[in-house]
Every structure is written in structure tokens, then in C-alpha cells.
Amino acid sequence: MSEMTDNNGPEPPEPVASGARQPVGDAVKAAGGAVRAGRGSVKPSGGAVKTGGGAVKAANGAAKAANGAAKAAAMAQPAGHEPVARPPDRRNQRRWVPITAGIVSFLLGLAYIIEGFRTRVIYSHLKHPLHRLTEIAPGVLAIVPRVADVIIGLLLLMLSHGLRRRKRRAWEGVTLLLAFSVVTHAVLPGRHLVPALITVALLAVLWVYRKEFYAVGDPRTRWRALWALIGLLIADVVIGLTYISVTKGLEADYTFGQRLQSVIYGLLGFGGPVEFTSETRGDVFAFLMGGLGIFTLIVFGYLFLRPAKRASPLGGQDASRIRELLAKQGERDSLGYFTLRTDKSIIWSPTGKSCIGYRVLSGVMLASGDPLGDPEAWPGAINAFLDEASRHAWVPAVLGCSELGAETWCREGGGLTALELGDEAVVDVAEFSLQGRSMKNVRQMVTRVCRNGYSAEIRRAGDIPRTEIDRMIRRADSWRGSPTERGFSMALGRVGAPGDEDCVIATATKDGVLCAILHFVPWGSDGLSLDLMRRDRSAQPGLNDFLIVETIKSAPDLGVKRISLNFAMFRAALERGERIGAGPVLRAWRGILLFLSRWFQIESLYKFNAKFCPEWIPRFFVYTGTRDVPRIGLAAMEAEAFLVWPTLEVRRMARRTVRWLGLDQLRHRRPPERPGSGAAA
């Protein structure tokens, strides 16, 4: 039972998922007590067996009555008090519906764009009886449908990905576009029958299976508008260049630069150097580029001006509640303190006794470590997590949970699978010693560092002045080869922030110059977990070993009994694969890991941790199924910053533009002094 209490007494237990009522539960308990009493009555004597048997029968009858009462209570529940049903789970739905709808929508969008290039259809429009309207608007009746086809095709391409992810807004948009397309196919002549039939079939499928598209929209920011603008501009340029290339009848053999210039000018509504021999083709190109330019501007304006809806990041109230859980249950998981990362969102159990930190990347709802709080409350937090993932059609996944956490996730998830991902190295301070053959390498490294004049200092972050911490951060940042900060499951992402006074900072200096720094976060009241490890590349090798050893020596003074080091991925495979007698499959897997170690710290972290002879604690990876592993792996690499997408550094580009234009000199010019100003004034 949980020991967490408040001022009003014990906290309420987590709600039962089945929604059973308390009186029925009491009846079942009473029946169970009667069964136990009946069984106990068998012991006294042989003559009492019949009595005991009668008691058992009576108890069984009571149990049946209780079950009947449960059914009656369930049937008699008011409509307003029915148990809340969980949202539909994407893993249990018809997967072929969103996948097929997305693929067909994508192909249909390409077909619409290609259809917009066909000039023969334009001439068929000119033969329509409505050609008399061309006297009022020459060419519009023939050209506007072509531009509309291209724009509809672009929209279908953009919304096809949302269809595959079961997004409700994408379903609504595609349905409206297809309905509009069906109307235009019915009204305007000259259209092909096959695209019309495909459009009608897709529209019918989307309507029949409309309940399969239930997911709400993802959190949005202003950056999505910028990425949409870049994507649409690239698509517009490709469409314009393709039209010029496939259309015959150019006045001359224009260069690529001239064609690109005409496309860009066309998007802005101006004429370019490219000229067509046919006036109709020129009008189509002008209307096409102008329409695409207006369409791009409208889409960008809508995405940019709509209110942002960010994922709920870690706030002050959540942080204080998390620290309360860590103070009571923080010793259970060495990764618990990393839930305080500012880029994580928090989801709580119904009673608030447990929570889970997560990030959403590439449609994956990624958690790390075990849920915080009382293990009895874990199912409530896990169910809330899975419900949120189902509501958005995200793929749920967990990185680095313990064996107990993996069992709870798989039991509550109903279809989740656990895989051993690696091992966490934990050093027992009381049993650690530099003596012995196994510690020879570490002992030699530490001795060499001491002889070269390095000294260590181990302090709590709260005991270090803020100015000194700022100098440490600036010095440590100068050692980094890349501005990207790696880590998600075992990284805090900050040093010396308010609230982190219990963190431990270990520094190595030589002649008063900082050369290496280690940062540890609390692991309950008597443990530390390694967060940050940096050193000056020009300093003596072995400084990290030296600082870890000095931290272990200072652990008793800090009240620390255990220290968690780095996490070694696939440690068992690396260790067993090099043993004598290892099978070909294990050796091949080890060879793949060694090959990947050229880019990722797999073997190096394992060897570094193994030097300290730690206790290996297995960590697990929980996922939905084999089909989602590539997607989850991509999201995990992105979260850990092993995969970094290119970003637009707007400020740097602006500074370069200012320097190129010579405007930076204007800021440094001093205005001429006015008469009477200066020292005399």
C-alpha cells in the first residue's frame, strides 16, 4: 500500500479501470471471506467437514449472488455515470485504411498536378458552348481549371501525410477537396473518366471509414509556417521549371538561370525572360505561377497568423510537484531527476501520485525511465499516457525503463513489447577500491593525473557562487566541438539552475585553470547520477577517470552511497560476443555494433564504464511493434541529438546580409558632434 499521505489523511487509491462500484466490490470481498471461513472450518474434526462443506457452498452462493449484483448494478447505472471509455487505440484499428487513403491521396495529387500541364485539355475547353464567356474574360474559362487542378494537387500532397496519421482535420480537408473535384468533373467537360472514378472511390472510402480518422492536431508553432513556406516555394519552383521543360514552343533555348528567373518572377506576378510561341501557353504559365504564388502566400499567412498551440512544457507548478515525488520516491529510479528537463511535457495520474515526462518527435510520444512516484500509481499514469497517445494517434514508446517498469508498461499497455536495450553502470561506494588487478588501468590513470599537478574539488551546486558557476559554464562550452547538446533520457541540459542546489559538481584544475567538469544529479537522498562529462581536449588524458574516483572518495562526506555512471547500449552483446565460444549470430551482431561505434559512442561507453567494475542494471526499450521500430528509432535518435535536422540560423544569416550590404559600418559611425557639445558642454 502507498505510504504517501496529505493533511487530510491517506491519499485515495488509483481508480479502477473497470469502473466497478464500491458496494459490489464489498459484496465480492464478503463472499471471499465466507469462502475462506468455510475452508477454515474443515480443519477441526472429520465431523465438521460437512459443516465446512456447507459453508463453502453457502459462500459460493454468496459469490454468485455478488456477481449477479455486480451485473445488475452495471445495468442499472445511470447514463451520466457510465465509465469513461478510452479513446480508440490506433494499434487496434484497421491500419490499411489510413495507409491506403494517404497513398491514394498522394498519387491523386500528383495526377492533378500532371493534369494541369496537359494543353490538349485546354483546347477542349475552348470548344465548350460556354466559350461565349471568353469575350468577357478571354482565356479564363480555359486556364482557371488548370490552375485549380495544380492547387488541389498540392493540397492533396500536403494532407496525405495527415491522412496516414489519422488526423481529423486532414480528413475534413481531403473530403472537401475531393467533393469539389467531383463537382468540377461533373460540370466541366473534357475531363478524364479514370481520375474521376478514383476520386469518387476515395471519397466513398473516406466517408465509410470516417471514424478511423479521429486524431486531433499536433501542437503547433510559428516555425511550422516557415517550413510550410519553404516547402511550397520549392514545389512551386519545381512545377514552374517542369512546365517550361515539358511545354514545347519556346521562343529560344533559354538557360536554367533564365528559366528560374521567369518562375520566380511569375510567382511574384511579373513577366520573365522566357517567352512562348503560343499565347495560350504563355497565359497558362502566367496564371499558373500567379495562382501558385497567391496560394503559397495564403497558406503561409494562415499558418503564421493562427494561434500557436504548444505542447505543455515543464512549468513551475509541475516542477514543484515532481520535486515532491522525488523527495518521497526518488530512490527508485536513477533517471527520475531527468524528468525535470525543461523540454519535456508532463502527464499525471488521476490522483497525482505519479507522472511521466515525455516528448513528441516525428509522431512518437517518447518517454524515458520509469514513471515517477508510487508504483501503485504507475498504472494510472501509464493509462493516461496511452490515452493521450491514442487521442493524437502518436506511437507510444519508452526508453531506458527498469525491469519493473517494463513489466508494468507491457501489462497495462495491452500489446506493448519490451526489449533489453543495454545496462546502466552503478558503483557501490562502500565496495569500491582501486586495489586489485582489475583496477590497474584506472589506478595508473589517476596516479599519472595527480603527478601532473591536477587537483579535484567536489561540491554541491548550492555551495558554489553563481559567478563561479557562470565561469565554469563558459569555460566548458568552449571545449565543445558542436553547439548541439546531446541527451534526453540521462541528461538534464543545464548546470547550476535555481532548484538544482543538491546537484554535485566535480572540477579538475591545474594552476587555477579549469580543465574538466562532471555534473551529477541527485538519485534519491543517498545517490548520484552522472549527467554531464566534459574536459579540455588539450588537457591530460584520464581526467574523467580521475574526477569519478575523487567523487567516489568524497561520497561519504556528501551522504552518497551509490553513483550511477553512463548507460552502455547493448552491453551484453559486446561482452558476450568477444568471449570464446560465441556463436556466429552473436559475433555478427557484435561486429555490427563495432561498425556503428565509429559514429555513435557504443563500445567506448561500455569500455569506460567497465573500468570501474560496476554493477550492471538492465534497462529496457518498450515499443508497440516491429513495424514501428524504425519510426521510434528515428525519434529516439532525434531526442538524444544523434540525429540533428538542419536548421535555419536566421540571426547569423541576417548578420551576414548586413555585413554584405555594408550596413554594419553605419552602426559604428559616430554622428558628427554639434557645436558646443563635448568636453566644454
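Overview of the structure. (Residues numbered from 1 in each chain as written. Predicted model: local features only at pLDDT ≥ 70, side-chain atom pairs only at ≥ 80, totals over all residues. Heavy atoms only, no water.)

Description of the overall build of the chain
Test applied: Secondary structure elements follow DSSP: runs of H or I no shorter than four residues count as helices, runs of E no shorter than two count as strands, and numbering proceeds from the N terminus. Think of it in three bands: residues with accessible area under 20% of the maximum for their type are buried, residues over 50% are exposed, and the middle band is partly exposed, with areas taken using a 1.4 Å probe on protein chains only. Two residues form a contact once any of their heavy atoms are found within 4.5 Å. A 1.4 Å probe and the Shrake-Rupley method give the accessible areas. Residues count as covered only by the protein chains that appear here.
The number of helices and strands found in the chain is 22 helices and 14 strands. When burial is assessed residue by residue, the chain has 43% of its 681 residues classed as buried. When contacts within the chain are restricted to residue pairs at least 6 apart in sequence, long-range pairs at least 24 apart make up 75% of them. Of the roughly 37100 Å² that the chain leaves accessible, carbon and sulfur atoms contribute 59%.

A few points about the packing of aromatic side chains
Each aromatic ring pair is specified by the distance between its two centres and by the angle formed by the two planes. For clarity, the threshold we go by: Aromatic rings from Phe, Tyr and Trp, with only the six-membered ring used for Trp, were paired whenever their centres fell within 6.5 Å, and each pair was classed as stacked if the ring planes differed by under 30 degrees, edge-to-face if by over 60, and tilted otherwise. We call a charge positioned over a ring when the NZ of a Lys or the CZ of an Arg lies within 6 Å of the ring centre and within 35 degrees of the ring normal.
In the structure shown here, the tally under the stated rule is eleven aromatic pairs. Plain terms: the ring middles of F276 and F285 are 5.6 Å apart, the flat faces sit at 50 degrees to each other, and that makes the pair tilted. In terms of burial, F276 and F285 fall into one category: buried. Ring pairs connect the aromatic residues Y243, F276 and F285, which therefore count as one cluster. Taking the ring centre of W171 as reference, the NZ or CZ of R168 above it sits at 4.4 Å. Above the plane of the ring of W348 lies R321, whose end atom (NZ or CZ) is 3.8 Å from the centre.

So, the pattern of salt bridges
The condition is simple: The rule for a salt bridge is simple: a side-chain nitrogen of Lys or Arg has to be within 4 Å of a carboxyl oxygen of Asp or Glu.
This model, assessed by the stated rule, comprises 21 salt bridges. The partner of E550 in a salt bridge is K553, and the shortest N-O contact between them spans 3.7 Å. Pair noted here: E550 and K553 are both in helix α16 (residues 543–558), with a separation of three residues, about one helical turn. On the basis of relative accessible area, E550 is assigned to the buried category, the value being 18%. Through salt bridges that share partners, R323, R494 and D500 make up one connected network.

Brief notes about unusual backbone geometry
Unlike most non-glycine residues, F570 shows phi in positive territory, near 55 degrees. With respect to the helices and strands, the residue F570 is situated in the loop between β13 (562–569) and α17 (571–577). Phi is positive for C613, which is not a glycine, with a value near 50 degrees.

A look at the environment of V182
Topologically, V182 is positioned in helix α6 (residues 168–187). Under the relative-accessibility criterion, V182 is labelled partly exposed at 27%. Taking C-alpha positions, V182 is 6.7 Å from A196, a pair spaced 14 residues apart along the chain. With near-sequence residues (within four places) excluded, V182 lies in contact with T199, V200 and L203.

Here's the deal with a nonpolar patch on the surface
Note the cut-off: Surface patches are defined over residues having more than 30% relative accessible area and no salt bridge, joining like charges when they lie within 9 Å and nonpolar side chains (Val, Leu, Ile, Met, Phe, Trp, Tyr) when within 5 Å.
Judged by side-chain polarity, I103, F106, L107, L110 and I114 come together as a nonpolar surface patch covering roughly 450 Å² of accessible area. For I103, the position within the fold is in helix α3 (residues 96–115).

Here we look at the pairing of strand β4 (residues 354–361)
Worth spelling out the cut-off: Two strands qualify as a pair provided DSSP detects at least 2 bridges between them.
For β4, the buried fraction is high: six of the eight residues fall into the buried class. Relative to β4, strand β3 (residues 345–348) is paired through four bridges, and the arrangement is antiparallel. Note that in β4 the partner of I346 across the bridge is G357. Hairpin connection between β3 and β4: a loop of five residues separates the two successive antiparallel strands, and G352 in this loop has a positive phi of roughly 75 degrees. As defined by bridge partners, β4 adjoins strand β6 (residues 372–373) across two bridges and the pair is classed as antiparallel. Among the inter-strand pairings, S354 is bridged to a residue of β6, identified as G373. Of the pairings in the sheet, the one linking β4 to strand β5 (residues 364–368) comprises four bridges and is antiparallel in character. Each residue of the ladder has a partner; that of L361, found in β5, is V364. In textbook terms, the turn of a hairpin is the stretch between consecutive antiparallel strands, and for β4 and β5 this stretch comprises two residues, one of which, S362, has a positive phi near 55 degrees.

What about the environment of A286?
In this structure, A286 sits in helix α10 (residues 279–305). The sequence separation of A286 and G240 amounts to 46 residues, and the corresponding C-alpha distance is 9.9 Å.

A look at the nonpolar core
Let me state the cut-off plainly: The definition of a nonpolar core used throughout is a set of buried Ala, Val, Leu, Ile, Met, Phe, Trp, Tyr and Cys residues joined through side-chain atoms within 4.5 Å.
One finds I322, L340 and L366 to be the most contacted residues of the largest nonpolar core, which totals 43 residues. Residues in contact with L366, not counting those within four places in the same chain, are G357, Y358, R359, A397, L399, F488, A635, A636 and A639. In this structure, V442, I458, A516 and V549 belong to the second largest nonpolar core, which totals 34 residues.

Considering α3
Under the convention used in this document: An expected span of 1.5 Å times one less than the residue number is assigned to each helix. What the arc measures is the spread of directions leading from the helix axis to the C-beta atoms.
In a regular helix each residue adds 1.5 Å, so 20 residues correspond to 28 Å; α3 covers 28 Å between its end C-alpha atoms and thus fits that length. Burial in α3 covers these residues: V97, P98, A101, G102, S105, L108, G109, Y112, I113 and E115. In an axial view of α3, the angular spread of the buried residues amounts to 150 degrees, which keeps them on one side of the axis. In this structure, α3 carries L107 and I114 as exposed residues pointing more than 90 degrees from its buried face.

Some details on the packing of helix α12 (residues 378–392) against helix α13 (residues 403–413)
Condition: Think of each axis as a best-fit line through the C-alpha atoms, taken over the contacting stretch in the case of a helix, with angles from 0 to 180 degrees between the N-to-C directions. Note on angle classes: values under 35 degrees are labelled roughly parallel, values over 145 roughly antiparallel, values of 65 to 115 roughly perpendicular, and the remainder oblique. Crossings are sorted by hand: turned counterclockwise from the far helix by less than a right angle, the near helix makes the crossing left-handed, and turned clockwise it makes it right-handed.
For the pair α12 and α13, the least separation of the axes is 10 Å and the interaxial angle reads 55 degrees. Between α12 and α13, the interaxial angle falls into the category oblique. Once α12 is placed against α13, the crossing between them reads as right-handed. In this structure, α12 uses W378, P379, I382, N383, F385 and L386 to contact α13, whose residues at the interface are L404, G405, T408, W409, E412 and G413.

Here we look at the side chain of N544
Considering the arrangement of structural elements, one finds N544 in helix α16. What N544 contacts, discounting residues up to four positions off in sequence, is L518, M533, R534, R535 and F608.

What about the packing of helix α14 (residues 440–451) against α16?
What counts here: The classification used treats Ala, Val, Leu, Ile, Met, Phe, Trp, Tyr, Cys and Pro as nonpolar, Asp, Glu, Lys and Arg as charged, and all other residues, Gly among them, as polar.
For the pair α14 and α16, the least separation of the axes is 9 Å and the interaxial angle reads 100 degrees. The angle between α14 and α16 falls in the class roughly perpendicular. Across the interface between the two elements, V442, V446, V449 and C450 of α14 pack against L543, D545, F546 and V549 of α16. Taken together, the residues of the contact of α14 with α16 break down into seven nonpolar, no polar and one charged.

Concerning the side chain of D333
The criterion, for reference: Polar contacts, as counted here, are pairs of nitrogen or oxygen atoms within 3.5 Å of one another; within protein the pair requires one atom able to donate a hydrogen and one able to accept it, and residues that are adjacent in sequence qualify only if both atoms are side-chain atoms.
Structurally, D333 is set in the loop between α11 (316–329) and β3. A distance of 2.7 Å separates a polar atom in the side chain of D333 from a polar atom in the side chain of R619. Leave out the neighbours within four places in its chain, and D333 touches G369, D370, W523 and R619.

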